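Architecture at a glance
Now for the letters of each chain:
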Amino acid sequence: MKALLVVDVQNDFCPGGALAVADGDKIIPVVNRLMDKFSLVIASRDDHPGDSRHFEIWPAHCVHGTKGADYHSDLNTARIGQELLKGTGRGDDGYSAFEATNIDLEEYLKDHGVDELYVTGLATDYCVKASAIDAATKGIKTFLVEDAVKGVEAGQGDIKRAIQEMKNSGVRLISSYEIRKIS
Ligand code: VGL
Ligand code: ZN
């Protein structure tokens, strides 16, 4: 059983947002098109309290209940079967979707017989990386959909290093074209 994971496609990570990823919104049509190929689509959202300690290292973003925390309006949310809320505690960075506090993602995937996870979203060098590495480490066959992710690249080479780290943890790379071709 395959599932599509959409990481943090939220207003604050898209152009105009508080922690914008350059061209972050450009992946959305790719993600929407991929949804047709999966019977299960799950999506994470950063959902921080206003006084989160996470904001000592990041500009305030995705504050619970604000527009910045909403999904980008281009994302096809109708297909999202389960939402994963993370970073919800004051001391909780919540980089990985497996740190979701509304459900236990590992249990959820087991219950739904998911053994292959295709990871898309924002940002390649933070939450996408943490989620993909956690998935692979938990024994799930994990794919990074390379044209359906975008990174921050705060330092030069961050995205490249993140992809290498994922590969070292057993994450495989795939393109959306290959997914649409094989399924
Ligand atoms: C993220 C930095 C801080 C992400 C979340 O979604 O990649 N990055 N919070
Ligand atoms: Zn955050």
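About the criteria used
Residues numbered from 1 in each chain as written. Chains lettered and ligands numbered in written order. Predicted model: local features only at pLDDT ≥ 70, side-chain atom pairs only at ≥ 80, totals over all residues. Heavy atoms only, no water. Helix = DSSP H or I, 4+ residues; strand = E, 2+ residues; numbered from the N terminus. Buried < 20%, exposed > 50% of the residue type's maximum accessible area, 1.4 Å probe, protein only. Contact = heavy atoms within 4.5 Å. Pairing = 2+ DSSP bridges. Phe/Tyr/Trp six-rings, centres within 6.5 Å; stacked < 30°, edge-to-face > 60°. Lys NZ or Arg CZ within 6 Å of the ring centre and 35° of its normal. Donors = N, O, S within 2.8 Å, 3.2 Å for Na, K, Ca; no water. Polar contact = N/O pair within 3.5 Å; in protein donor to acceptor, adjacent residues only side chain to side chain.

1. Looking at the environment of Asp70
Relative to the helices and strands, Asp70 is located in the loop between β2 (41-46) and β3 (82-86). On the accessibility criterion, Asp70 (37% relative accessible area) is partly exposed. Linking Asp70 and Gln10, residues 60 residues apart in sequence, is a C-alpha distance of 5.4 Å. Apart from residues no more than four positions distant in its own chain, Asp70 is found in contact with Val9, Gln10, Asn11 and Arg45.

2. With respect to the environment of Leu34
Examined against the element boundaries, Leu34 turns out to sit in helix α1 (residues 28-35). By relative accessible area, which is 0% here, Leu34 ends up buried. When the C-alpha atoms of Leu34 and Asn11 are compared, they prove to be 20 Å apart, with 23 residues separating the residues in sequence. In contact with Leu34, not counting residues within four places along its chain, are Leu4, Thr120, Val145, Ala148, Ser176, Ile179 and Arg180.

3. Details of the pairing of β3
Counting buried positions along β3 gives four out of five residues, so the element sits mostly inside the fold. As defined by bridge partners, β2 adjoins β3 across five bridges and the pair is classed as parallel. The residue bridging Asp46 from the neighbouring strand is Lys86, located in β3.

4. Topic: the packing of aromatic side chains
Within this structure, the stated rule accounts for four aromatic pairs. Residues Trp58 and Tyr126 carry aromatic rings whose centres are separated by 4.9 Å and whose planes lie at 85 degrees to one another, so their mutual orientation is edge-to-face. Residue Trp58 is found in the loop between β2 and β3, and its partner Tyr126 is found in helix α3 (residues 124-137); the two are separated by 68 residues along the sequence. A ring pair is formed by Tyr95 and Tyr126, whose centres lie 6.5 Å apart and whose planes are at 35 degrees; its orientation type is tilted. In this pair, Tyr95 sits in the loop between β3 and α2 (105-111) while Tyr126 sits in helix α3, placing the two residues 31 residues apart along the sequence. The exposure class of Tyr126 is partly exposed, given its relative accessible area of 26%. Members of the aromatic cluster, connected to one another through ring pairs, are Phe38, Tyr118 and Phe143. Over the aromatic face of Phe38 sits the side chain of Lys2, whose NZ or CZ is 5.4 Å from the ring centroid. The lysine or arginine in question, Arg45, covers the ring of Tyr71, its NZ or CZ lying 5.4 Å from the ring centre.

5. With respect to the coordination of the zinc ion (ligand 2)
Around the zinc ion (ligand 2), the donor atoms from the protein are Asp46 (OD), His48 (NE2), His54 (NE2) and His61 (NE2), and they sit 2.1 to 2.2 Å away. Within one chain, the residues donating to the zinc ion (ligand 2) are spaced in sequence as D-x1-H-x5-H-x6-H. Take His54: its relative accessible area is 3%, and that puts it in the buried class.

6. Here's the deal with the side chain of Ser44
Within the fold, Ser44 resides in strand β2. By relative accessible area, Ser44 is classed as buried at 0%. Among the polar contacts listed, one links the side chain of Ser44 to the side chain of Asp8, at a separation of 2.8 Å. In this view, Ser44 contacts Leu5, Val6, Val7, Asp8, Tyr71, Leu84, Lys86 and Ala97; residues no more than four positions away in its chain are not counted.

Such coordinate-based values are descriptive only and should not be taken to indicate function.
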